Amino acid sequence: TNFSQGQMIVAKITLQGFERSAENIVITDMIPAGFEIENPRLTEVDRLNVNSSNIMKIDFSDYRDDRLILFTNLQRNKTTEFYYLLRAVNKGKFELPAIGAEALYDKEFNSYNGEKRIEVR
């Protein structure tokens, strides 16, 4: 919950499937004010060297100023992970919005989790 201005942070998104699979899952990760996404399409930042056998297969990704949007599928009884880089750019106290995941065509699948206060010093 405490970061230093200029600090690079590795963000991790975990998607866990339970009894059923679901297609067309959209994950929306709102970025708190004071942070910027290190867009891998725009910078020469080295690719993250993540040592995981559970990497999420992304069908489409959209990097915006205030959020990251991912499209994927939910696999029954499997947990998958996605990693990306953020940079703390402005000092202050901010709200970390909840991350959301939902199936586009099935109202039974949705999750909102993780809201908290953070500080950049």
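Throughout what follows, the structure given in this document is the object of discussion. (Residues numbered from 1 in each chain as written. Predicted model: local features only at pLDDT ≥ 70, side-chain atom pairs only at ≥ 80, totals over all residues. Heavy atoms only, no water.)

Take the layout of surface pockets next. Taken as a whole, the largest pocket spans an internal volume of roughly 870 Å³. K12, I13, T14, I99 and N113 are the residues nearest the centre of the largest pocket, which is lined by 39 residues in total. For the lining of the largest pocket, the secondary-structure elements that each account for two or more residues are β2 (8-16), β3 (22-30), β7 (79-88), β9 (99-103), β10 (106-113) and β11 (116-120). For the lining of the largest pocket, the leading source of residues is β2, giving 8 residues. Per-class residue counts for the lining of the largest pocket are 24 nonpolar, 8 polar and 7 charged. (1 Å grid on protein atoms, 1.4 Å probe; cavity = no way out; pocket = protein on both sides within 12 Å on 5 of 7 lines; lining within 4 Å. Points joined across faces, edges and corners; volume = space filled by probe spheres on them. Helix = DSSP H or I, 4+ residues; strand = E, 2+ residues; numbered from the N terminus. Nonpolar A, V, L, I, M, F, W, Y, C, P; charged D, E, K, R; others polar.)

Attention shifts here to the packing of aromatic side chains. Scanning the entire structure with this criterion turns up 3 aromatic pairs. Judged by centre distance (5.4 Å) and plane angle (90 degrees), the ring pair of F3 and F35 falls under edge-to-face. Taken together, the residues span a long stretch of sequence, with F3 in strand β1 (residues 2-3) and F35 in strand β4 (residues 35-37) at a distance of 32 residues. For F35, a relative accessible area of 7% gives the class buried. Where F60 meets F71, the ring centres are 5.9 Å apart and the plane angle is 50 degrees; that geometry is what we call tilted. In this pair, F60 is assigned in strand β5 (residues 60-63) and F71 in strand β6 (residues 67-74), connecting sequence segments 11 residues apart. Here F71 falls in the partly exposed class, since its relative accessible area comes to 26%. (Phe/Tyr/Trp six-rings, centres within 6.5 Å; stacked < 30°, edge-to-face > 60°. Buried < 20%, exposed > 50% of the residue type's maximum accessible area, 1.4 Å probe, protein only.)

Time to look at the sheet that holds β4. Overall, antiparallel pairing links the 3 strands, which are arranged β2-β7-β4 in an open sheet. Of all the strands in the sheet, just β2 and β4 have a single pairing partner and so form its edges. Each strand axis lies, on average, 40 degrees off the axis of its neighbour in the sheet, ignoring direction. Looking at chain direction, β2 and β7 are connected through 9 bridges and run antiparallel. Paired with L15 across the two strands is T80, which belongs to β7. (Pairing = 2+ DSSP bridges. Axes fitted to C-alpha atoms, helices over the stretch in contact; angles between N-to-C directions.)

Now for the pattern of salt bridges. Once the charged atoms of two side chains with opposite charge are near each other, the side chains can pair. Here the structure, examined in full by the defined rule, presents 8 salt bridges. Across the pair R20 and D106 runs a salt bridge, and its minimum N-O distance is 3.3 Å. Pair noted here: R20 is in the loop between β2 and β3 and D106 is in strand β10, with a separation of 86 residues, a long-range link. What makes R20 partly exposed here is its relative accessible area of 40%. Judged by its relative accessible area of 22%, D106 falls in the partly exposed class. With a shortest N-O distance of 3.0 Å, D59 and K57 are connected by a salt bridge. Of the residues examined, K57 reaches a relative accessible area of 59% and is grouped as exposed. Three or more residues joined by partner-sharing salt bridges are found here, namely R20, D106 and E108. (Salt bridge = Lys/Arg side-chain N within 4 Å of Asp/Glu carboxyl O.)

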